[in-house]
Protein chains: 2
Amino acid sequence: MSGTVTITGVDVHDVRFPTAAAGDGSDAINRGDYSATYVELRTDAPDGVFGAGFTFTNGRGNEITCAAIRALSHHVVGRTVGEIFAEPVAFWRSLTADVQLRWLGPEKGVIHMSAGALVNAVWDLRAKLEGKPLWRLLAEMPTEELVANIDFRHITDALTPDDARAILDKGLTGWEERLAGIERDGFPSYTTSVGWLGYPDDKVRALTRQAYAEGWRAMKMKVGGPIDDDVRRARIIREEIGPDALLMMDANQVWDVDEAIANMARLAEVDPYWIEEPTHADDVLGHARIARAVAPIRVATGEVAANRVIFKQLLQAEAIGVMQIDACRVAGVNEVLAEILMAAKFGVPICPHSGGVGLCEYVQHLAIFDYLRVGTSLEGRMVEYVDHLHEHFVDPVRTRDGRYLVPEQPGYSSTMRPASIAEFSFPDGPAWR
Amino acid sequence: MSGTVTITGVDVHDVRFPTAAAGDGSDAINRGDYSATYVELRTDAPDGVFGAGFTFTNGRGNEITCAAIRALSHHVVGRTVGEIFAEPVAFWRSLTADVQLRWLGPEKGVIHMSAGALVNAVWDLRAKLEGKPLWRLLAEMPTEELVANIDFRHITDALTPDDARAILDKGLTGWEERLAGIERDGFPSYTTSVGWLGYPDDKVRALTRQAYAEGWRAMKMKVGGPIDDDVRRARIIREEIGPDALLMMDANQVWDVDEAIANMARLAEVDPYWIEEPTHADDVLGHARIARAVAPIRVATGEVAANRVIFKQLLQAEAIGVMQIDACRVAGVNEVLAEILMAAKFGVPICPHSGGVGLCEYVQHLAIFDYLRVGTSLEGRMVEYVDHLHEHFVDPVRTRDGRYLVPEQPGYSSTMRPASIAEFSFPDGPAWR
C-alpha cells in the first residue's frame, strides 16, 4: 500500500458556504452557514497523492476547529502511512489522548471533531494509495487488521475484541453477493430536504410532492416549534406521501424529557417511524425513558453523540431503536468502526446522519461497509440524504430513485474541488469579500 | 448595583505556567503546563472596575479556547450589567446556545469552557460593583432572583423551579449562623499535593508527613499506574496518616468498568474514602455499576463532567456518592447553581474539584454558598486544595490548619496579577521567550 509515503504537511482551510440566508438547514436549534474545516495531508508521493478530510461546522467558529487541527497536526506530520497503520491505536490515541490537549474535550466537541478530520484524511490517503474506495478497503480488510484499528478502552463492558472478531468473521460470508445487490439497486436512503423549520407550509407541500415523484419513500421533517404547527406540517407531509411511506421526525434536542413524551403523544397520529434527538444529546437516561414511553415509535440519535462511550450507553440502556453515526463528530473511521460493531452486537440498525457539508459523501462508505461486513442486512437501514453542496466535491454522491449509488473512485470521497475551496474560503474568498 | 455599567470590550490572555517539567500535576492521563485562558471585561465605570474570568487548560491548545472566547465575545460587548441580569437565562443561552456555535459542543468542551470564562467574568464584575465577595452576593440573593438565573431546560425531570425555590427558601434560615462558624473555623478541605503519579515513593512519604504535620486530615493520591505500584504508594500514605484520616484516590479515567471494580478490590485494604474518575467521564452507566460494586467506598466524579445534563444523570442513576463540581468546565456560575441544587435535591454532598490555575480561588465561593444556602451541612463536604500558582492572583486563597479561610474581597477572586499575565503570556512573555 505504498506504506513508505510520508505525510509532509497539513493544509487547513476554513471553508464556509452562505446557506443561512436561504433557511436551508434551519431546525429548532441550529441555523448557520454550513462550513467545513477542511484539511489536506501533503505527501512525498511522486504522483502528488494527498489525503483529504474535514469536519463539519455551522458557520461561526469554524476558525476554532481550524486552530484545533493546527494544534494536533504535529502528531501527523513526518509519519509514514506504514507507521501509522502498523500501530493504529497508538496513532489514534496520539490525537485523542494527547496529555495536554485531552483536557479540552475530553474526547468531545472541538478537539475531538478536529482529531476526526485528521484521522479521516489519513484513511482517505491510504484508500487512494491502494486505489480503492474506502468502503472496499474496509470490506476487504482481514478481521485481525480491522480489530487492530479499534481502541477498546472504555468499551470492553459492551464489546470485546473477541466479540468484534466473531462479527467481522461472520460478515466475510456472502459480502460479495451483498455488494452485487447494492451495485445493482443502490443503497436505501431518505431525504431531509422537505421539511426544514424555516420553510412555509406551501413549500413543504411542494417539496414533499416533488420528492415523492422522484422516488423517495422515506422523508424526515423537523419538529420542535409550537406543537400545533408541528402537527399541521406533519399532516401535510403524511397527506402527500400516503400511509405506506416512512415519515421521520427530528426535534434537534429542544424538548425536555416529559415534554418529548407529551409531544410525541400528539404527533403519533401521523404514524412517525422515528423521533430523532427528542431531548439533550447527552441524556442517555432521558432517551431511555422516552423510548419506553413512545414505543413502537423508535428513538433515534447520534449526530452530536460525542464519542463511542455515549453510543455504548445508548445501546446498553436500550435508549435507541436507530443509531445515527456521524463520520466526523467523533474521531474518524477508527471510532466509527467501534460504533458500527457495538450496534451489531446490540442488534440496532445504523442509519447514518448526513447532510451538512460532505457528510453524504463520507457516510455512504460507512453504511456500505456496515452492510457488507457487519450488519449484513438492509432491514431498517437508510442513509440520510440532503441535496446540498455536493457540487463542491470531486467525487460527489450519486443517487437514483431515492437510493445512493455505490461510490467507485479511490478514497473517502472527501476531496473538495480547488475552485470551491478558493471561492468559499473565509474570510478572503470571493464569496465572502 | 450600578446596572448601567456597560461592558466595552473583552481582553483575552493566553497565560501558561511551565509546570510540566516539575512533574507537578502529573496523573494517569494528564501532564502539561497549567494554563489559563484569562479574560477581562473592560467597562465604562469611572473607577476602572473590570470583570475577570478564566477557564483552565493543560498547556497546548490554550490558543483554541482563546479563539473560542473571541468568537463568543460579541454576546457580551455593548451590554450593561443591568440588562444581563434582567434576563439572565436569555444571556446565558446567547453564549451556550448560539445557533451557529452550539454545534461545536454542544454544551461541552472548548466552546462550553469558553462560555464559562465569560459568564464567570460577568459575575465577578457584578460582585465587584456590589462590593461583595461572590459567595455573599449569592447567599444574600432573594430566592426568586437565584431561580431566575438558572436555565431549567433539560433538567426539569430532576429539578423544577419549585424544587429549587423550596431548597433556597429553607436555606435562608440560619445562614448567618453557619457563616459565623466558617468565619471562625474555616471551611474543610483536603490536599492533593502529596501523591502525584510523577513523584517517587520517598517524595510521597515526605510530602504526606509534612501535610499531616500541617494539619491536613484528608489527602488524595493518584492511582491508575500498575496496580502493584498503586497499592504500594497507598500503603505508604496510610502508614503516615494513621487509620482515622481520610485517603481519597483518583484514577483520572484510565480504567475500564470491570478493571475499576477489580482494582478497587485490591485497593480496599487501605480503606479509601472515595475513588474518583474510575472510568471514562461520560460513562454514567459505568459509574453506576462501579458504585454498586465498590460500596461502601464512594464514587466521585465531575472535574470534566461536560454540563448539568451529565450531573443530572449521575445523580439519577445513583452513580456518585460525592459530586465534584468544577467552576469553569461548565458555563459558569449559572450552570453551577443548577448543579448545586440538583445535588441537594438528591442528597449528595459536593466536594468541588480544584487545583489547576485559580480553581481554588473560584470554588471556595461556590462551596461556601452551597453550605450557607443550599446544602446547609458540612458533613462530607471538603474543597480540594492544591498548593500551586496562588501567587499569581490578586486575592489568593488563604488556608489555616487544612481549612480554607472565607474570602473577603469583592468579586470572584478571579483577578490575575498584571505582572503574572505579562510574565507568563504565551508565546511572547519572558517566561516563554
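See above for the structure.
Cut-off values and rules
- Residues numbered from 1 in each chain as written.
- Chains lettered and ligands numbered in written order.
- Predicted model: local features only at pLDDT ≥ 70, side-chain atom pairs only at ≥ 80, totals over all residues.
- Heavy atoms only, no water.
- Phe/Tyr/Trp six-rings, centres within 6.5 Å; stacked < 30°, edge-to-face > 60°.
- Helix = DSSP H or I, 4+ residues; strand = E, 2+ residues; numbered from the N terminus.
- Buried < 20%, exposed > 50% of the residue type's maximum accessible area, 1.4 Å probe, protein only.
- Lys NZ or Arg CZ within 6 Å of the ring centre and 35° of its normal.
- Axes fitted to C-alpha atoms, helices over the stretch in contact; angles between N-to-C directions.
- Parallel < 35°, antiparallel > 145°, perpendicular 65-115°, else oblique.
- Left-handed = near helix turned anticlockwise from the far one by under 90°.
- Contact = heavy atoms within 4.5 Å.
- Nonpolar A, V, L, I, M, F, W, Y, C, P; charged D, E, K, R; others polar.
- Pairing = 2+ DSSP bridges.
- Salt bridge = Lys/Arg side-chain N within 4 Å of Asp/Glu carboxyl O.
- Least-squares fit on C-alpha atoms with pLDDT ≥ 70 in both.
- Polar contact = N/O pair within 3.5 Å; in protein donor to acceptor, adjacent residues only side chain to side chain.
- Buried area = accessible area lost by both parts, 1.4 Å probe.

Draft legend 1. A look at the packing of aromatic side chains. Under the criterion given, the structure shown has 26 aromatic pairs over all chains. A centroid spacing of 4.8 Å and a plane angle of 80 degrees characterise the contact between Phe85 of chain A and Trp123 of chain A, whose relative ring orientation is edge-to-face. Highlighted residues: Phe85 of chain A in helix H2 (residues 81-86) and Trp123 of chain A in helix H4 (residues 109-130), separated in sequence by 38 residues. For the pair shown, Phe85 of chain A and Trp123 of chain A are each scored as buried. Taking the centre distance of 5.3 Å and the plane angle of 85 degrees together, the rings of Tyr190 of chain B and Trp274 of chain B count as edge-to-face. Of this pair, Tyr190 of chain B sits in strand E4 (residues 187-195) while Trp274 of chain B is found in strand E7 (residues 274-276), placing the two residues 84 residues apart along the sequence. Note on Tyr190 of chain B: relative accessible area 0%, which makes it buried. The exposure class of Trp274 of chain B is buried, given its relative accessible area of 0%. Aromatic rings pair up to connect Phe54, Tyr362, Phe393 and Tyr412 of chain A into one cluster. Looking at Arg217 of chain A, its charged tip hangs above the ring of Tyr212 of chain A, at a distance of 3.6 Å from the centre. Note that Arg329 of chain B overlies the ring of Trp103 of chain A, its terminal NZ or CZ placed 4.7 Å from the centroid.

Draft legend 2. Quick look at the packing of helix H9 (residues 201-213) of chain A against helix H10 (residues 227-241) of chain A. Residues and elements named next belong to chain A. Between H9 and H10, the least distance of the axes is 9 Å, while the angle of their chain directions is 25 degrees. Relative to H10, H9 is oriented roughly parallel. Once H9 is placed against H10, the crossing between them reads as right-handed. Residue-level contacts link Asp201, Val204, Arg205, Thr208, Arg209 and Tyr212 of H9 to Arg232, Arg233, Ile236, Ile237, Glu239, Glu240 and Ile241 of H10. Split by residue class, the contact of H9 with H10 holds 5 nonpolar, 1 polar and 7 charged.

Draft legend 3. Inspection of the sheet that holds strand E2 (residues 35-43) of chain A at higher detail. Residue and element names in this part refer to chain A. Pairing in this open sheet of 3 strands is antiparallel, and the strands run E1-E2-E3 from one edge to the other. Two strands bound the open sheet, and with one partner strand each, they are strand E1 (7-16) and strand E3 (51-57). For this sheet, the mean inter-axis angle between neighbouring strands, taken without regard to orientation, is 20 degrees. Pairing of E1 with E2 involves 9 bridges; the strand directions are antiparallel. Across the sheet, residue Gly9 finds its bridge partner in E2, namely Arg42. Contacts from helix H1 (residues 62-72) reach E1, E2 and E3 within the one sheet, and its direction differs from that of E1 by about 175 degrees. H4 rests against E1, E2 and E3 of the sheet, and its axis sits at about 150 degrees to E3.

Draft legend 4. The arrangement of the pattern of salt bridges in detail. Inspection of every chain in the model, using the stated rule, returns 66 salt bridges over all chains. Between Arg16 of chain A and Asp14 of chain A there is a salt bridge whose closest N-O contact spans 2.8 Å.

Draft legend 5. Here's a closer look at the relation of the copies chain B and chain A. Its rotation angle being 180 degrees, the transformation that places chain B on chain A also includes 0.0 Å of axial translation and leaves an RMSD of 0.0 Å. Expressed as a symmetry operation, the mapping of one chain copy onto the other fits a two-fold axis. Relative to the rotation axis, the C-alpha of Gly109 of chain B is the closest in chain B, positioned 2.7 Å from it. Looking at the interface residues of chain B, 100% of them are also at the interface in chain A, so both copies use one shared face.

Draft legend 6. Main features of helix H13 (residues 308-316) of chain A. Residues and elements named next belong to chain A. Judged by how many residues are buried, H13 sits mostly within the fold: 8 of 9 residues are covered. Regarding H13, its N-cap is Asn307, as a side-chain oxygen of that residue lies 2.9 Å from the backbone nitrogen of Val309 further along. Downstream of H13 by a residue or two, Glu318 has a phi angle that is positive, lying close to 55 degrees.

Draft legend 7. Representation of the interface of chain B and chain A in the model. In this complex, chain B contributes 64 residues to the contact, which on the side of chain A involves 64 residues. Summed over the three residues of chain B that lose the most area to chain A, namely Arg60, Gln100 and Trp103 of chain B, the buried surface amounts to 17% of that side. Counting every contact that joins chain B to chain A gives 6 salt bridges. Between Lys108 of chain A and Asp282 of chain B there is a salt bridge, with the nearest N and O atoms lying 2.9 Å from each other. Between the two partners, chain B and chain A, sit 36 residue pairs in polar contact (both at pLDDT 80 or more). Those elements that place two or more of their residues in the side of chain B that touches chain A are strand E3 (51-57), helix H1 (62-72), helix H4 (109-130), helix H11 (257-267), helix H12 (284-294) and helix H13 (308-316) of chain B. For the side of chain B that touches chain A, the leading source of residues is H1 of chain B, giving 6 residues. For the side of chain B that touches chain A, a count of residues per class yields 26 nonpolar, 20 polar and 18 charged.

Draft legend 8. Spotlight on the pairing of E3 of chain B. Residue and element names in this part refer to chain B. Most of E3 sits out of view: 7 of its 7 residues are buried. Side chains Gly51, Gly53, Thr55 and Thr57 project from E3 onto one buried face, and the interleaved Ala52, Phe54 and Phe56 project onto a second face that is buried too. Here strand E2 (residues 35-43) pairs with E3 via 7 bridges, running antiparallel. Looking across to E3, one finds that Tyr38 is bridged to Phe54.

Read these as geometric descriptors, not functional statements.
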